[in-house]
Amino acid sequence: MPPDVISQLKLESDVLAGLERNEFSMVYQPVVRLADRAVTGVEALMRWDHPVSGHIAPERFIRLAENMDSIGRLTEHAIAETCGMLQRLRTQLPQDKPFNASVNISGHDLCRDGFVDFVAFTLDRHALAPDMLRLEVTETVLVQEPDISDQNLRRLRSLGCGIAVDDFGTGYSNLAYLKTLPLTALKIDRTFAGDACSSAISRSIIRMLVGLGAELGVEIIAEGLETADCATTIAQLGCSFAQGYHFYKPLLEQDLSALVLHGDESNQHVA
Ligand code: G
Ligand code: MN
């Protein structure tokens, strides 16, 4: 067997064993409303605490797992964990305070039979309003699998879930899906948002995307903001929401709850 097949098989069995042993956990990076810096939601990010390799970043295993059946199990785990967190948080938040969590899903998930039913079942099990959950897909997925993803995204949308387009601006220049898909948010990739204060081209692109968001009635979220200057620039360009290390790193659930319930006491344990 070629070495890449062996390592793929090893990864597959490690992922399945890791799920059994509870090695996958979620951290939550706050999304802030730029007007008042209120935390209005989070992006859920997966962490793998591997018994031998230690902490493995999602960029390293998700892309490999996308070729395997286990990506479905990982996504379902992420959705179930995130819905559990939302249910616990919801009981403590004022009823009228909107809050949402985004979970990253792959093209594989969207094409899988039973995925939409799993989402519906999990929302129901946690007694959550469906609009508290957003599913985040990359632009590439929307362009590569238009028929299947379109159908399942519509079903998810009719359940009431939000749909966010991740890494917006880096996938394809084919924006035809914007005409047909019922989207909730576009997330401007950090290659533009991260250097908005130093690059005039990034600023032009962001200005254009903010205009597009207003026309389409979708939220625009800038990702990867690392400095105060960039945050100020992004706000001046009319962007309403942002996320990035300048505001918050991904947080453990306990720190997220403290932040959302009691405000920024700057004592979070960074996850
Ligand atoms: O593409 P996506 O939005 O899913 O990427 C999320 C990843 O980006 C996570 O691994 C997260 O830790 C990382 N991330 C979050 N905020 C920042 C930031 O401000 N700068 C950089 N470089 N990475 C970030
Ligand atoms: Mn994402």
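One can find the structure itself at the top, above this paragraph.
Here goes a summary of the coordinates provided.

About the cut-offs
Residues numbered from 1 in each chain as written. Chains lettered and ligands numbered in written order. Predicted model: local features only at pLDDT ≥ 70, side-chain atom pairs only at ≥ 80, totals over all residues. Heavy atoms only, no water. Axes fitted to C-alpha atoms, helices over the stretch in contact; angles between N-to-C directions. Helix = DSSP H or I, 4+ residues; strand = E, 2+ residues; numbered from the N terminus. Parallel < 35°, antiparallel > 145°, perpendicular 65-115°, else oblique. Left-handed = near helix turned anticlockwise from the far one by under 90°. Contact = heavy atoms within 4.5 Å. Nonpolar A, V, L, I, M, F, W, Y, C, P; charged D, E, K, R; others polar. Near = heavy atom within 4 Å. Polar contact = N/O pair within 3.5 Å; in protein donor to acceptor, adjacent residues only side chain to side chain. Areas by Shrake-Rupley, 256 points an atom, 1.4 Å probe, with all protein chains shown as cover. Buried < 20%, exposed > 50% of the residue type's maximum accessible area, 1.4 Å probe, protein only. Salt bridge = Lys/Arg side-chain N within 4 Å of Asp/Glu carboxyl O.

### A word on the packing of helix 3 (residues 70-92) against helix 5 (residues 115-125)
The contact between helix 3 and helix 5 brings their axes to 9 Å, and the two run at 20°. Comparing their axes, helix 5 and helix 3 come out roughly parallel. Crossing geometry of helix 3 relative to helix 5 is assigned as right-handed. Across the interface between the two elements, T75, E76, I79, A80, C83 and Q87 of helix 3 pack against F115, F118, V119, T122, L123 and R125 of helix 5. When the residues that make up the contact of helix 3 with helix 5 are grouped by side-chain class, the tally is seven nonpolar, three polar and two charged.

### Description of the site of ligand 1
Looking at ligand 1, there are 15 residues lining it, with D167, R190, E223, E226 and Y245 nearest. At a separation of 3.0 Å, an oxygen atom of ligand 1 approaches a polar side-chain atom of R190. Within the side chain of E226, one N or O atom sits 2.5 Å away from a nitrogen atom of ligand 1. Protein contact buries 82% of the 520 Å² of open area that ligand 1 shows by itself. Within the residue set of the shell around ligand 1, elements represented by two or more residues are strand 2 (38-50) and strand 6 (162-168).

### Structural notes on helix 12 (residues 253-262)
Turning to helix 12, its buried residues are D255, L256, S257, L259 and V260. In this fold, the buried residues of helix 12 make contact with strand 1 (24-33), strand 2 and helix 3. Immediately beyond the C-terminal end of helix 12, within one or two residues, lies G263, with a positive phi of roughly 85°.

### Quick notes on the side chain of D109
One can find D109 in helix 4 (residues 107-110). Not counting the four nearest positions on each side in its chain, D109 is found in contact with I71, G72, T75 and F115.

### Looking at the pattern of salt bridges
Enumeration according to the criterion identifies twelve salt bridges in this entry. Note that D36 and R33 form a salt bridge whose closest N and O atoms lie 2.8 Å from each other. What makes D36 partly exposed here is its relative accessible area of 43%. With a relative accessible area of 33%, R33 lands in the partly exposed category. Between E136 and K187 there is a salt bridge, and its shortest N-O distance comes to 3.0 Å. Of the two residues, E136 sits in strand 5 (residues 133-138) while K187 sits in strand 7 (residues 185-188), which places them 51 residues apart along the sequence. With a relative accessible area of 1%, E136 lands in the buried category. Given the relative accessible area of 1%, K187 is considered buried.

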